Amino acid sequence: MALGKDYATQECSIARALEIVGERWTLLVVRDALYGVRRYNDFLVHLGIPRAVLATRLQMLTEEGILEKRRYQESPPRDEYVATDRGIALWPALRALGRWGREHHGESALRTFHHAECGTELGSYGECPACATVVPVEDVLMAPGPGLDPDPADPVSRALLQPRRLLQPIVVDQV
Ligand SMILES: [Zn+2]
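Just so it is clear, the structure is predicted and the values come from calculations on it, not from any experiment.

We now examine the environment of Arg-86. Along the chain, the position of Arg-86 falls in helix H5 (residues 85–88). What makes Arg-86 partly exposed here is the crowd of 14 C-beta atoms within 10 Å. Sequence separation between Arg-86 and Gly-65 is 21 residues, and the spatial gap between their C-alpha atoms is 6.6 Å. Setting aside anything within four residues of it in sequence, one finds Arg-86 in contact with Gly-65 and Ile-66.

Below is the structure:
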């Protein structure tokens, strides 16, 4: 029997979450939104995602209230996509996935995450060991790690070479 489209028969909150974010591009779009990517073209160049897939995922994430569509230009009309509280709440899941990928595939860190107030690297649960507090997403400073390509081709990756707070908007000049 073919697997159904969803997991409606499973009484599990993980299954319900996966109905929304279980497809790999979806979580990568959310990850980029938390990094501060907001514009269609910036998601496109940074993710290397097919256009049609990106358009579908952005629409779905907007309908699910994970991203909010905001008009930033009227003529021609252009929208950007900003992570909502519901989207920001996915950060611990993304952080845990990143950590798992590193520890179980022996990769060196592409990015490191720090408490912006004191510079201390965050612990496994998003806490600052020095301040003994869980650091809110907007106070997380993301810095390039040893595994990161120092000379990337796309402008979003270049913007991400500088330490920056999560959610701080990335706006790349489109030529
Ligand atoms: Zn701290």
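Back to the text.
The next thing to look at is the nonpolar core. The biggest cluster of nonpolar side chains holds 25 residues, and the ones touching the most others in it are Val-30, Ala-33, Leu-34, Val-140 and Leu-166. Those elements giving two or more residues to this core turn out to be helix H2 (24–35), strand S2 (78–83) and strand S6 (140–144). At five residues, the largest contribution of residues to this core is made by H2. Apart from residues no more than four positions distant in its own chain, Val-140 is found in contact with Phe-113, Ala-116, Leu-122, Val-135, Arg-165 and Leu-166.

Taken in spatial order, the three strands line up as S3-S6-S7 in an open sheet, and their pairing is antiparallel. The sheet is open, and its two edges are formed by strand S3 (111–115) and strand S7 (164–165), each paired on a single side.

The subject of this paragraph is the UniProt feature "domain: HTH hxlR-type" (unreviewed entry) in the protein chain. As annotated in UniProt, the feature "domain: HTH hxlR-type" (unreviewed entry) corresponds to residues 12–109 in the numbering used here. Overall, residues 12–109 shows 62% helix and 13% strand. The separation of its end C-alpha atoms is 32 Å.

Turning to the packing of H2 against helix H3 (residues 40–47), a few remarks are in order. Where H2 meets H3, the axes come as close as 11 Å, and the angle between the chain directions of the two elements is 115 degrees. Both H2 and H3 take part in a crossing whose hand is right-handed. Where H2 abuts H3, its residues Leu-28, Val-29 and Asp-32 lie against Phe-43, His-46 and Leu-47. A breakdown of the residues in the contact of H2 with H3 according to their chemical character gives four nonpolar, one polar and one charged.

We now examine the pairing of S6. One ladder, built from five bridges, connects S3 with S6; its direction is antiparallel. When the sheet's bridge partners are listed, Phe-113 is paired in S6 with Met-142. In the sheet, S6 pairs with S7 via two bridges, with the strands oriented antiparallel. Each bridged residue has a counterpart across the sheet, and for Leu-141 the counterpart in S7 is Arg-165.

How each quantity is defined
In this convention, every chain numbers its residues from 1, walking through the sequence in written order. Given that this is a predicted model, residues contribute local features only at a pLDDT of at least 70 and side-chain atom pairs are listed and counted only at 80 or more, while totals for whole chains, interfaces and linings are drawn from all residues. Numbering of helices and strands starts at the N terminus; helices are DSSP runs of H or I of at least 4 residues and strands are runs of E of at least 2. Residues with at least 20 other C-beta atoms within 10 Å of their own are called buried, those with 12 or fewer are called exposed, and the rest are partly exposed. The C-beta atoms themselves are positioned from the backbone. Residues are defined as contacting one another if the C-beta atoms placed from their backbone atoms lie within 7 Å. Joined through C-beta atoms within 7 Å, a set of buried Ala, Val, Leu, Ile, Met, Phe, Trp, Tyr and Cys residues constitutes a nonpolar core. Strand pairing follows a simple DSSP-based rule, namely that at least 2 bridges must link the two strands. UniProt positions are given in the numbering used here, feature names are shortened, and annotations may be inferred rather than shown by experiment. Fitted lines through C-alpha atoms give the axes, limited to the stretch in contact for helices. The angle between two N-to-C directions lies from 0 to 180 degrees. Left-handed describes a crossing in which the near helix is turned anticlockwise from the far one by less than a right angle; the clockwise case is right-handed. For this scheme, ten residues count as nonpolar: Ala, Val, Leu, Ile, Met, Phe, Trp, Tyr, Cys and Pro. Four count as charged, namely Asp, Glu, Lys and Arg, and the remainder, Gly too, count as polar.

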